[in-house]
Amino acid sequence: MIEYRLNGPVSQERQRIRLMAALRENRFPQAILIDGPAGIGKKALAIEIAKALQCSNENLRPCGCCFGCKMAADPGVTDNWVIPLESKEAHARSSDDVSAGSTAKTVEDFKRAYIDEIFKNPYRTDIFGAGAEISVDLIRNMTKSFALKGDRVRVVIVAEADRMNDSAANAFLKTLEEVPPNTYFILTTSSRERLLQTIRSRCLALHLLPLTDAEVRKETVKLLGEDGDEESVTDDVVGLAVGSAGKALYYVDHAAAWCNLAKSFVEKSLSGDYSELFGELAETDMADSTDAGRAESGYFLEVLSFLLADLLRKESGAALRLPATTNAVDLERFPRVDAAALERAVVTVQETMSRIASRRTGAMMCLQSLAIKLFEGYK
């Protein structure tokens, strides 16, 4: 019997054991949906599965050496992937349609660049832009390529499948209703509820668990490479990651700034130093009125929410997620701020995040309003 070994974190071993059993028993489903929080390794597992399915080794799969394994690990084989693209990228000409010697970027060129980034770091959460989506044209191009498959096993990874627009989702559903022989689809998503229920029902559901704090630290240090600073993966960085190595990589570069601003936000909101606080906010990228500014405000509010929740934990004597930042906040000057005030503050921050996401109000206006009402009635 062929032995299958899928590599990955120990905390996700149960899910891999389930998949390896299906592979050994030759009952692997033709469509699988891997869901879980962003940055925990869904794409990494999808790549491992693709190698195992395409491997031709007679003893151990994936072997990493055969033609099938190399095809699965080659970012140049763009037919093996469906990924979200910006509108101008998705509408670029195909390599079959450009004239010889043309330097114009094709849709395959754009895909290859993104897939290369995925292989370099499958935990990253910021590879695709906010406006990128999976269009119906990308699904149609995928189905056209089936005619070129021949007899080999074909695996298509649909990354961030929840970004399929309505037309793409309906087109993909038709493909799932009659999957070609020796063809497998691996969908990854952090928002499975955004997928059509009819697509979900045709896939084996596999929920990946977040990494442990120790695994987050280990994977992040490994991804930083030889030039990375292990000490940059602080306890606050690991705490903010919440089991996501992808988030940890972001916070390695940004945690100090966001945590300091969150601390200042709490203290100056309580003391009423609004003018100084608004000046600090204006100096950040959150002042940008574009989608990038809204995204930055989302990161900041996430950190602020963490800090407030941590202050609540401190009140109850529970373990802290942001020990360095939380212990640096001086609430003793504000004796009226009790557990009820902190609970209300967390809710207020969550409401502000929803307002910014809805695009009804500018991010800076929302943040200024939040500063004034964060501890309303307790100052």
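All of these numbers come straight from a predicted model, not from anything done at the bench. (Residues numbered from 1 in each chain as written. Predicted model: local features only at pLDDT ≥ 70, side-chain atom pairs only at ≥ 80, totals over all residues. Heavy atoms only, no water.)

J.: I keep staring at the overall build of the protein chain and nothing clicks. Help me out?
T.: A count of helices and strands for the protein chain gives 16 helices and 7 strands. Sorting the 379 residues of the protein chain into buried and exposed places 49% on the buried side. Residue pairs at least 24 apart in sequence account for 71% of intrachain contacts in the protein chain once pairs closer than 6 positions are excluded. Of the roughly 18300 Å² of accessible surface on the protein chain, 48% is carried by carbon and sulfur atoms. Treating the 47 positive side-chain charges of the protein chain as one cloud and the 55 negative ones as another, the clouds have centres 6 Å apart. (Helix = DSSP H or I, 4+ residues; strand = E, 2+ residues; numbered from the N terminus. Buried < 20%, exposed > 50% of the residue type's maximum accessible area, 1.4 Å probe, protein only. Contact = heavy atoms within 4.5 Å. Areas by Shrake-Rupley, 256 points an atom, 1.4 Å probe, with all protein chains shown as cover. Lys, Arg positive; Asp, Glu negative; His and termini not counted. Charge placed at Lys NZ, Arg CZ, Asp CG, Glu CD.)

J.: How should I be thinking about the pairing of strand E6 (residues 183–189) in this particular structure?
T.: Along any regular strand, the residues point their side chains to alternate faces of the sheet. With 7 of 7 residues buried, E6 lies mostly within the body of the structure. Neither face of E6 is open: one carries Thr183, Phe185, Leu187 and Thr189, the other Tyr184, Ile186 and Thr188, and all of them are buried. Where strand E2 (residues 31–35) meets E6, 5 bridges bridge the pair, whose relative direction is parallel. Bridge pairing in E6 links alanine 31 to phenylalanine 185. Inspection of the sheet shows strand E5 (residues 154–158) paired to E6 by 5 bridges, in the parallel sense. When the bridges of E6 are listed, arginine 154 appears paired with threonine 183. Between E5 and its parallel partner E6, the chain crosses via helix H7 (residues 166–177), and the hand of that crossover is right-handed. (Pairing = 2+ DSSP bridges. Right-handed = clockwise from strand over helix to strand, strands pointing away.)

J.: Hey, could you run me through unusual backbone geometry in this one?
T.: For residues other than glycine, phi is negative in most cases, and the peptide bonds are mostly trans. Residue arginine 61 is joined to proline 62 through a cis peptide bond whose omega torsion reads -5°. Within the element layout of this structure, proline 62 appears in the loop between strand E3 (60–61) and helix H3 (67–72). Unusually for a residue other than glycine, asparagine 26 sits at a positive phi of about 55°. If you trace the backbone, asparagine 26 turns up in the loop between helix H1 (13–24) and E2. Positive phi, close to 55°, is recorded for asparagine 182, a residue that is not glycine. Tracing the sequence through the fold places asparagine 182 in the loop between H7 and E6.

J.: Help me out: how do you make sense of the sheet that holds E5 in this one?
T.: Remark on secondary structure: sheet strands pair via backbone hydrogen bonds, oriented parallel or antiparallel. Within the open sheet, the 5 strands sit side by side as E4-E5-E6-E2-E7. Their pairing is parallel. Either end of the sheet is taken by a strand with one partner, and the two such strands are strand E4 (81–82) and strand E7 (204–207). Where H1 meets the sheet, it contacts E2 and E7, and its direction lies at approximately 155° from that of E7. (Axes fitted to C-alpha atoms, helices over the stretch in contact; angles between N-to-C directions.)

J.: Hey, could you run me through the pattern of salt bridges in this one?
T.: Any two side chains of opposite charge can pair, so long as their charged atoms come close to each other. If you walk through the whole model with that rule in mind, you get 23 salt bridges. The partner of arginine 313 in a salt bridge is aspartate 310, with the nearest N and O atoms 2.5 Å apart. Remark: aspartate 310 and arginine 313 occur in helix H13 (residues 291–316); sequence separation between them is 3 residues, near one turn of the helix. Residue classification places arginine 313 among the partly exposed positions, given a relative accessible area of 26%. Overall, the relative accessible area of 0% leaves aspartate 310 in the buried class. Several salt bridges share partner residues, and in doing so they unite Asp116, Glu117, Lys120, Arg124 and Asp126 into one network. (Salt bridge = Lys/Arg side-chain N within 4 Å of Asp/Glu carboxyl O.)

J.: Can you help me understand the pairing of E5 in this one?
T.: Of all 5 residues in E5, 5 are buried, a share of seventy percent or more. What you see with E5 is no split at all: Arg154, Val156 and Val158 on one side and Val155 and Ile157 on the other are buried throughout. With 2 bridges connecting them, E4 and E5 associate as parallel partners. Bridging from a neighbouring strand, tryptophan 81 pairs with isoleucine 157 of E5.

J.: Can you help me understand the layout of surface pockets in this one?
T.: One simple way to see leftover space: roll a probe sized like a water molecule over the atoms. For the largest pocket, the calculated volume is near 1600 Å³. Lining the largest pocket are 41 residues, with Thr125, Ala130, Arg163, Ala295 and Tyr299 positioned closest to its centre. Secondary structure elements with two or more residues in the lining of the largest pocket: helix H2 (42–54), E6, H13 and helix H15 (339–358). If one sorts the elements of the lining of the largest pocket by residue count, H13 sits on top with 9 residues. (1 Å grid on protein atoms, 1.4 Å probe; cavity = no way out; pocket = protein on both sides within 12 Å on 5 of 7 lines; lining within 4 Å. Points joined across faces, edges and corners; volume = space filled by probe spheres on them.)

J.: What should I look at first to understand the packing of aromatic side chains in this one?
T.: The description of two aromatic rings rests on the distance between their centres and on the angle between their planes. Applying the stated criterion across every chain yields a total of 10 aromatic pairs. A centroid spacing of 3.9 Å and a plane angle of 15° characterise the contact between tyrosine 250 and tyrosine 299, whose relative ring orientation is stacked. Of the two residues, tyrosine 250 is situated in helix H11 (residues 245–271) and tyrosine 299 in helix H13; the sequence distance between them amounts to 49 residues. When the centroid spacing of 6.3 Å and the interplanar angle of 90° are considered together, the rings of tyrosine 251 and tyrosine 299 count as edge-to-face. Residue tyrosine 251 is located in helix H11, and its partner tyrosine 299 is located in helix H13; the two are separated by 48 residues in the primary sequence. Judged by its relative accessible area of 0%, tyrosine 251 is buried. Residue tyrosine 299 is classed as partly exposed on the basis of its relative accessible area of 22%. Here the aromatic residues Tyr250, Tyr251 and Tyr299 are joined through ring pairs into a cluster of three or more. (Phe/Tyr/Trp six-rings, centres within 6.5 Å; stacked < 30°, edge-to-face > 60°.)

J.: Got a minute to help me understand the environment of phenylalanine 146 in this structure?
T.: Within the element layout of this structure, phenylalanine 146 appears in the loop between helix H6 (136–144) and E5. Between the C-alpha atoms of phenylalanine 146 and proline 210, which are 64 residues apart in sequence, the distance is 35 Å. Beyond its immediate sequence surroundings of up to four residues, phenylalanine 146 is in contact with Arg154, Val156, Thr175, Pro180, Thr183 and Phe185.

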